[in-house]
Every structure is written in structure tokens, then in C-alpha cells.
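Fold and geometry: a report
These are the residues of each chain, in order.
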Amino acid sequence: MIYLDHAATTPCRPEVAEAMLPYLTEHFGNPSSVHAIGQEARRALDASRDRVAALIGAKAEEIVFTGSGTEADNLAIIGTFLQQRGRKNHLVTAATEHHAVLHTGEWLHGWGAAEVTVLPVDAAGRVDPEDVRRAIRPETFLVSIMAANNEIGSVNPVREIGAVCREAGVPFHTDAVQWAGALPLNVDDLNVDLLVLTAHKCYGPKGIGVLYARRGTRFQPVTHGGGQERGRRPGTESVAGAVALAKALELAVAEQPQARPRITALRDRLVRSVLERIPSSFLNGVELGPDRLPNNANLSFPGAESDMLVLNMDLEGIACSSGSACTAGAIEPSHVVQALGLPHERLISALRLSLGRATTEADVDIAVDALERIVTRLRR
Ligand SMILES: Cc1ncc(COP(=O)(O)O)c(C=O)c1O
């Protein structure tokens, strides 16, 4: 099987699994316990927090471990909303956000708690910082704009959007789930107040995420119970998960200088071969270059439908996706490609191929050959 769906999830690296294993078995303690076994777990948790903080240019107390990227996005949005409740009720976000953000905004709106401005994106899928500036009102409690898109790979001008928010005195949240590990990440460079990442998109396990919250950025917890994570995310911490996340991120950051050009070249080879060999094929989103995630290719093949493309690729031993994993299987084209304003036939024929560490030139060539055959067959 050739796996070209790394935007959905990545395999846990053996080094990462090895690092976390002792915290599932012999060092199984609860980090809140006072005895030595508990304290051993506490030390591992604290050390992981320090490592994650150092890797993204944050301080340890600014790192909140969560159960997923989705949970961290919810905590950022609902938590800031609750903090400002009765004073501010307006959220600014964008049309291509992950459902972890969009559905949270809709939920707040649905029970009359918040007003939500959903900004459009340009034809490349990027948000204009000037649109953010115009959307901010005195009652805006948060701007939530993702760092990089999971379906089309468009990288937003996060730093510029952050500067606009800072000028307006509004907290800025960015979902950096797809960015983390793939591109250099420093919370000060990006001008962010709240940032989310998740381990399973950078070769760690599923079920562990991080909410970075800049000192002074206040939010309420959304779950209640113990005082873990300084009361910001009650619930016994996943020590093994935190150890794994720190290890996965550390490896990704260390290897990025070599990994990024390699994967970019492979992706470019894939896109260029497809566009050259398959007539009427199109690249969706931003052009190849620095404004696109290095591993992302999202292509349309009018005349062949997304779901049939995915199914037939699967039959040929190649795993890819018609959109985000959460919307796959839905009849509607994904909300992300819809936001690009493409003609209908391009919306319903979009295919996402996302490369990874193990992808080889041979994999890419096999995938292109298969695509050419499948598209030709489906169009007949
Ligand atoms: C951009 C983005 N945000 C959030 C998430 C959710 O992360 P998790 O799967 O850890 O809940 C994903 C994963 O699909 C994603 O791609």
C-alpha cells in the first residue's frame, strides 16, 4: 500500500512509540499522586512540557496538554468566549477553517451566544489581513484563522493577521495542526496568542494535543473536575502522550531542514507530472511555492468524481482522500474547495494527495501512473 494521506494522520514513529512505552507500563503513575511513582510521572510530564515549549518559543506554563487538536481548538474558542461573556460576543474566522473551529463557532451562534463573521478567502484559499482588520468590532472576543489548511495546503499570512489583532487588542488564535512539524514554528514570530497543534499529524500518536496560551491571554476551562493543567484542562494527563508529542515534535524540528526540500521536490514532481500527463487536470489552492504546505497536492479532474477517484486509487493500493477525513463520504463537495469559488465540475472532482517521510520517488511515479489510468477510465 502506498500511503498518500498524511494530512489525515501519520504513522507513529518507532522512536516515538519507544519513548512513550515506559509511561504506559512501568512508569504508569498519576502525575497528581504525591508518592514516588506519581512523582516520576510528574517529572516526565514537566520535562515534556519544557521540551514542547522550547520547540515553539514558548514558556512551560503557556503549554496546556489536551486530548486532541479538536479539543484544543474548542478550548481556545469557547474558553475565551466564556472569559468575555457579557462583554464581548463576536468571533471572526474564515470559510476554510477546520470543522473544529467552524462548528464551534456555529454552536455558539446556534444558541444565540455569539455572532460569527466568516471571512471569505481568495482564489488561492488565503485570508486577507485587511479583511480581518475590517471585520474586528469593539465586541470581538477572538480572531481564529488557521495557519495552514488541511485540504488545499494554503498557508495564511499568520504573522500579518497577528499584527492586525494585536493593534486592535483582540486575542488571535491559530490552528497550526498542519503547520507544526512541517514548517518553522515560533509563537513570537507568528504573533499568536493561542495556538493549537496535535501529535498525530507529525508522527506521534492520536489523542494528544496542545493549546499554547500566551501569558496574559485569559480563558475559562470547558471541562470541570480536578486542577490539572493549572485548572485550564482538568482530567488526568496522558503522560505517555505528552512524552510522545514532545519526542515527535523534537524529531520533526530537527529533521525539517533536510525533510522539507525533499518532500517539496517529490510533491512538485507529482503535481507537474499530473498536470503534464492528464489533460484537463487542475491544481487547487495556492501555486507551488512557499505559500503551500510542502507535502500537499490537491488536484481536480473534471469528468471523474472525487469518491470514485479515491475508491479506485484504493483498489490500486494507493491511499488518498477526497477532502478532510471528517467530510469524506459526504456527498457535498468539501467546504474548503467550495470556498475557492471553483466551477462545480472542479469541486466534485477534487482529490487530495499528501506526502510523508516515507514517500519515495517510485511511490509518486506509481501514483501518477495509476491516476492517469483511473481518470481516463472514469471519464469514458
Ligand atoms: C487543521 C486541523 N485542525 C484540527 C484537526 C483536529 O485534530 P485532532 O484530529 O487531533 O482532533 C485536524 C485534523 O484533522 C486538522 O487537520
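Cut-offs applied
Residues numbered from 1 in each chain as written. Predicted model: local features only at pLDDT ≥ 70, side-chain atom pairs only at ≥ 80, totals over all residues. Heavy atoms only, no water. Helix = DSSP H or I, 4+ residues; strand = E, 2+ residues; numbered from the N terminus. Contact = heavy atoms within 4.5 Å. Pairing = 2+ DSSP bridges. Axes fitted to C-alpha atoms, helices over the stretch in contact; angles between N-to-C directions. Buried < 20%, exposed > 50% of the residue type's maximum accessible area, 1.4 Å probe, protein only. Near = heavy atom within 4 Å. Polar contact = N/O pair within 3.5 Å; in protein donor to acceptor, adjacent residues only side chain to side chain. Areas by Shrake-Rupley, 256 points an atom, 1.4 Å probe, with all protein chains shown as cover. Nonpolar A, V, L, I, M, F, W, Y, C, P; charged D, E, K, R; others polar. Salt bridge = Lys/Arg side-chain N within 4 Å of Asp/Glu carboxyl O. Right-handed = clockwise from strand over helix to strand, strands pointing away. Expected span 1.5 Å × (residues − 1). Bend = angle between axes of the 7 residues up to and from the residue. Domains from an automatic or database assignment. Buried area = accessible area lost by both parts, 1.4 Å probe.

Looking now at the side chain of N295. Structurally, N295 is set in the loop between strand 9 (282-283) and strand 10 (296-300). Look past the residues within four positions of N295 in its chain and what remains in contact with it is H6, I263, R267, L353, S354 and L355.

Judged by pairing direction, the sheet is mixed, and its 7 strands sit side by side in the order 2-8-7-6-5-3-4 without closing on themselves. Each edge of the open sheet carries a strand with a single partner, namely strand 2 (63-66) and strand 4 (115-119). Averaged over all neighbouring strand pairs, the angle between strand axes comes to 20°, with direction disregarded. In terms of strand pairing, strand 5 (residues 140-144) meets strand 6 (residues 172-175) through 2 bridges, oriented parallel. Paired with S144 across the strands is H173, a residue of strand 6.

What follows covers the environment of Y212. With respect to the helices and strands, Y212 occurs in strand 8 (residues 209-213). What makes Y212 buried here is its relative accessible area of 0%. Separated by 20 residues in the primary sequence, Y212 and V192 place their C-alpha atoms 9.2 Å from one another. Sequence-distant contacts of Y212, defined by excluding residues within four places in its chain, comprise I56, A58, E62, V187, V192, D193, L194 and L195.

Neighbouring the ligand are 13 residues; G69, T70, D175, T198 and K201 lie closest to it. With respect to the ligand, the backbone of G69 contributes an N or O atom lying 2.8 Å from an oxygen atom. At 2.8 Å from an oxygen atom of the ligand is found a side-chain nitrogen or oxygen belonging to Q178. About the coverage of the ligand: the protein hides 88% of its 390 Å² of free accessible area. When residues of the shell around the ligand are assigned to their parent elements, the largest contribution, 3 residues, is made by helix 3 (residues 69-84). A breakdown of the residues in the shell around the ligand according to their chemical character gives 2 nonpolar, 8 polar and 3 charged.

Moving on to the pattern of salt bridges. All chains considered together, the criterion is met by 24 salt bridges. With a closest N to O distance of 2.9 Å, E255 and R13 form a salt bridge. Here the residue E255 occupies a position in helix 7 (residues 239-277), and R13 occupies one in the loop between strand 1 (2-3) and helix 1 (14-20), the gap between them amounting to 242 residues. Judged by its relative accessible area of 27%, E255 falls in the partly exposed class. Here R133 ties to E130 by a salt bridge, and the two come within 3.0 Å at their closest N and O atoms. Of this pair, R133 and E130 are both found in helix 5 (residues 129-135), 3 residues apart, which corresponds to roughly one turn of the helix. Residue E130 is classed as partly exposed on the basis of its relative accessible area of 34%.

On to the pairing of strand 4, then. Relative to strand 4, strand 3 (residues 90-94) is paired through 5 bridges, and the arrangement is parallel. Residue A94 lies in a different strand from strand 4, and its bridge partner there is L119. Running through helix 4 (residues 99-110), the crossover from strand 3 to the neighbouring parallel element strand 4 is right-handed.

This part covers the sheet that holds strand 9. Whether parallel or antiparallel, the strands of a sheet pair through hydrogen bonds between backbone atoms. Strands sit in the order 9-10-12 across an open sheet of 3 strands; the sheet is antiparallel. Each edge of the open sheet carries a strand with a single partner, namely strand 9 and strand 12 (350-354). Two elements, strand 10 and strand 12, share 5 bridges in a ladder whose sense is antiparallel. Bridged to A297 within strand 12 is L353. Most of the contacts of helix 7 go to strand 10, to which it runs at about 10°, and overall it touches strand 9, strand 10 and strand 12.

Looking now at helix 7. Spacing of three or four residues puts side chains on the same side of an α-helix, whose turn is 3.6 residues. Given a rise of 1.5 Å per residue, 39 residues ought to cover 57 Å, yet the end C-alpha atoms of helix 7 are separated by just 49 Å, more than 12% below that figure. By the largest-angle criterion, Q256 marks the main kink of helix 7, which is about 70°, and a proline, P257, follows within four residues. Measuring from the backbone nitrogen of G241 back to the side-chain oxygen at the start of helix 7 gives 2.9 Å, which picks out S238 as the cap.

Here the protein is partitioned into domain 1 (2-8 + 256-379) and domain 2 (14-251). The C-alpha centroid of domain 2 is placed 28 Å from the C-alpha centroid of domain 1. If you look at the interface, domain 1 gives 28 residues, while domain 2 gives 29 residues. Across the domain 1 to domain 2 interface the summed buried area is about 2300 Å²; carbon plus sulfur atoms make up 55%. Joining domain 1 to domain 2, the criterion identifies 1 salt bridge. Across the salt bridge formed by R126 and D291, the nearest N and O atoms sit 3.7 Å from each other.

Attention now moves to the pairing of strand 6. Both faces of strand 6 are covered, namely the face carrying F172 and T174 and the face carrying H173 and D175. Each parallel crossover has a hand, and the one from strand 5 via helix 6 (residues 158-168) to strand 6 is right-handed. As paired strands, strand 6 and strand 7 (residues 194-198) are joined by 3 bridges and run parallel to one another. Its bridge partner being in strand 7, D175 is matched across the sheet by V196.

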